[in-house]
Amino acid sequence: MKVLAIGNSFSQDATRYLHDVAKADGYDLKVVNLFIGGCPLSLHYKNINNDNRAYLYEFNGINTEICVSVKDALESDLWDYVTVQQVSRESMDYETYQPYLDALVSYVHKYCPKAKILVHETWAYKDKTDTLQRFGYENQADMYNDVKNAYIKAAEHLKTEMIPSGEAMQNLLRNGVPVIHRDDIHASLGLGRLTLAFTWYEFLTGRSTDGIEIPDSVLDEPVSEKEILLAKISAHDAVEKKLIRN
């Protein structure tokens, strides 16, 4: 399977361990993330119109330090899936998605017509922080509700599916994990990123993560056995809920 993510630091978080999870399960999966920190759909739109080689090419979770354009990446392989998303600070408002989302998806179809487009749902900011309050939220559950609704609207508009990363992160909190961020915004380097990888892997492949053992050496920070179990449960429940809803 070949997966291309057109995103930012949130798709970086989601894909950091995806290849490692697949490898541990004996599954052949290539993942590339096109990275610009804090990149909104409006900037993706500008970049495709100008064919800007503005993206760091991250291959199987590793930064190659090579800069490419979206067109370069689309034409570099026969992709099974291409994911799109909004920047987190604008993800609550679907009005910020358009017309850029439609233009980006049309561009993907032009250069990679056989790839399936997926919407990558992002997640809410850390609770009780100034960052959260700057965006008008008193608690992160309210932010997530708006994020989820906007992404559902995007997926329905595109007549496609949504990878429920935000739901998986919420599940970590529901399952008693006190810290899922490494700052106010991004996923924690160990548990958060691993939960996202499990979510993507189950969603994309339909395979269970139950028996997968992740070597400590691939993780950016330690994750306990208990936390790995919670990551798998949180990811599975998010994917199962999404599939049931469909």
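Figured I'd write up the structure that's included with this text. (Residues numbered from 1 in each chain as written. Predicted model: local features only at pLDDT ≥ 70, side-chain atom pairs only at ≥ 80, totals over all residues. Heavy atoms only, no water.)

**Overview of the pairing of strand β5 (residues 81–84)**
Going residue by residue along β5, you find Tyr81 and Thr83 tucked away on one face and Val82 and Val84 tucked away on the opposite face as well. Pairing analysis gives 3 bridges linking strand β1 (residues 2–6) to β5, with the strands arranged parallel. Residue pairing for β5: alanine 5 is matched across the bridge by threonine 83. In this sheet, strand β6 (residues 116–120) lies alongside β5 in parallel orientation, the contact comprising 4 bridges. Residue pairing for β6: valine 82 is matched across the bridge by isoleucine 117. Read as a crossover between parallel neighbours, the route from β5 over helix α5 (residues 100–111) to β6 is right-handed. (Buried < 20%, exposed > 50% of the residue type's maximum accessible area, 1.4 Å probe, protein only. Helix = DSSP H or I, 4+ residues; strand = E, 2+ residues; numbered from the N terminus. Pairing = 2+ DSSP bridges. Right-handed = clockwise from strand over helix to strand, strands pointing away.)

**Observations concerning the sheet that holds β6**
The strand order across the open sheet built from 7 strands is β4-β3-β2-β1-β5-β6-β7, with neighbouring strands paired in mixed fashion. Looking along the sheet, the strands with just one partner apiece sit at the ends: β4 (62–68) and β7 (161–163). Strand-to-strand twist across the sheet, computed as the mean angle between neighbouring axes with direction ignored, equals 30°. Pairing geometry for β1 and strand β2 (residues 30–35), over 5 bridges, is parallel. Pairing of alanine 5 across the sheet is with asparagine 33, part of β2. Against the sheet, helix α9 (residues 191–205) engages β1, β5, β6 and β7, with an angle of about 150° to β7. (Axes fitted to C-alpha atoms, helices over the stretch in contact; angles between N-to-C directions. Contact = heavy atoms within 4.5 Å.)

**Side note on α5**
Over its 12 residues, α5 extends 17 Å from the first C-alpha to the last, a length consistent with the 16 Å expected when each residue adds 1.5 Å. Listed in full, the buried residues belonging to α5 are Leu101, Leu104, Val105, Tyr107 and Val108. Buried residues of α5, seen end-on, are gathered within an arc of 155° and therefore sit on one face of the element. Against the buried residues of α5 lie β1, α3 (41–50), α4 (70–75), β5, β6 and α7 (140–158). (Expected span 1.5 Å × (residues − 1). Arc of directions from axis to C-beta.)

**As for the environment of glutamine 133**
Within the element layout of this structure, glutamine 133 appears in helix α6 (residues 130–134). The class for glutamine 133 is partly exposed, based on a relative accessible area of 40%. On a C-alpha basis, the gap between glutamine 133 and methionine 143 in space is 9.9 Å, while along the polypeptide they are 10 residues apart.

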